[in-house]
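Structural overview
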Amino acid sequence: MAVKQDHGGSARIHENLRDEKTQELRGRSVMDRKQELDEALNMIVEDLQPFSIVDDKGFKNFVALLDPTYPLPSRQALKNMVVQKYEEEKTKAKAVMQSVEAVSLTCDMWTSINMEEHLAVT
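What comes next is a walk through the structure. All values reported here derive from a predicted model rather than from experimental measurement.

Concerning the pairing of strand β2 (residues 117-121)
Little of β2 is tucked away, with zero of its five residues classed as buried. The pairing of strand β1 (residues 107-111) with β2 spans five bridges and is classified as antiparallel. Paired with T111 across the strands is E117, a residue of β2. Two successive antiparallel strands, β1 and β2, enclose a turn made up of five residues, where M115 displays a positive phi of approximately 65°.

Written out as structure tokens, the structure reads:
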């Protein structure tokens, strides 16, 4: 990547990166790339991000650098994707539980500083 140093700064760098990434992605199927990025949105669940992250300017810029052709899903579409993934994982977990001989559970109880009671089962 050739980046010209001038007073145009980061806008020119981002433009060059976006152009190079677009050329690199042209060889891939749009649907394959969309599926890859949809799966990458699992980070929202893993990092406990709100669905509104798809409306954040910084997140939009980040995704545009990764793939300028990727259409970000709406909050509702993202929620539906998460619910669908949850149902798939729940079905898998139920299938695994059907075939085990025994299960061991532990629990922990505590009270928060705000006097809220919590129970965790693992």
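Overview of unusual backbone geometry
Residue L48 is not a glycine yet carries a positive backbone phi of 55°. With a phi angle near 65°, M115 is a residue other than glycine that sits in the positive phi range. Summarising the element assignment, M115 is placed in the loop between β1 and β2.

Notes on the pattern of salt bridges
The final tally for this structure, using the stated rule, is four salt bridges. Notably, a salt bridge pairs R75 with D55, separated by 2.5 Å at the nearest N-O pair. You can see R75 sitting in helix α5 (residues 75-98) and its partner D55 sitting in the loop between α3 (43-46) and α4 (57-66), a full 20 residues away along the chain. By relative accessible area, which is 45% here, R75 ends up partly exposed. Judged by its relative accessible area of 39%, D55 is partly exposed. Note that E89 and K85 form a salt bridge whose closest N and O atoms lie 3.8 Å from each other. Here K85 and E89 lie together in helix α5, a separation of four residues that amounts to about one turn. The exposure class of E89 is partly exposed, given its relative accessible area of 36%.

Description of the side chain of D67
Within the secondary structure, D67 sits in the loop between α4 and α5. There is a polar contact of 2.5 Å between the side chain of D67 and the side chain of T69.

As for a nonpolar patch on the surface
On the surface, V96, M97, V100, V103, L105, M109, L119 and V121 cluster together into a nonpolar patch covering about 800 Å² of accessible area. Where the nonpolar patch is concerned, the elements lending two or more residues are α5 and β2. Locating V96 in the fold gives a position in helix α5. Judged by its relative accessible area of 49%, V96 is partly exposed.

Calculation criteria
- Residues numbered from 1 in each chain as written.
- Predicted model: local features only at pLDDT ≥ 70, side-chain atom pairs only at ≥ 80, totals over all residues.
- Heavy atoms only, no water.
- Buried < 20%, exposed > 50% of the residue type's maximum accessible area, 1.4 Å probe, protein only.
- Helix = DSSP H or I, 4+ residues; strand = E, 2+ residues; numbered from the N terminus.
- Pairing = 2+ DSSP bridges.
- Salt bridge = Lys/Arg side-chain N within 4 Å of Asp/Glu carboxyl O.
- Polar contact = N/O pair within 3.5 Å; in protein donor to acceptor, adjacent residues only side chain to side chain.
- Patch = residues over 30% accessible without salt bridge, like charges linked within 9 Å, V, L, I, M, F, W, Y side chains within 5 Å.
- Areas by Shrake-Rupley, 256 points an atom, 1.4 Å probe, with all protein chains shown as cover.

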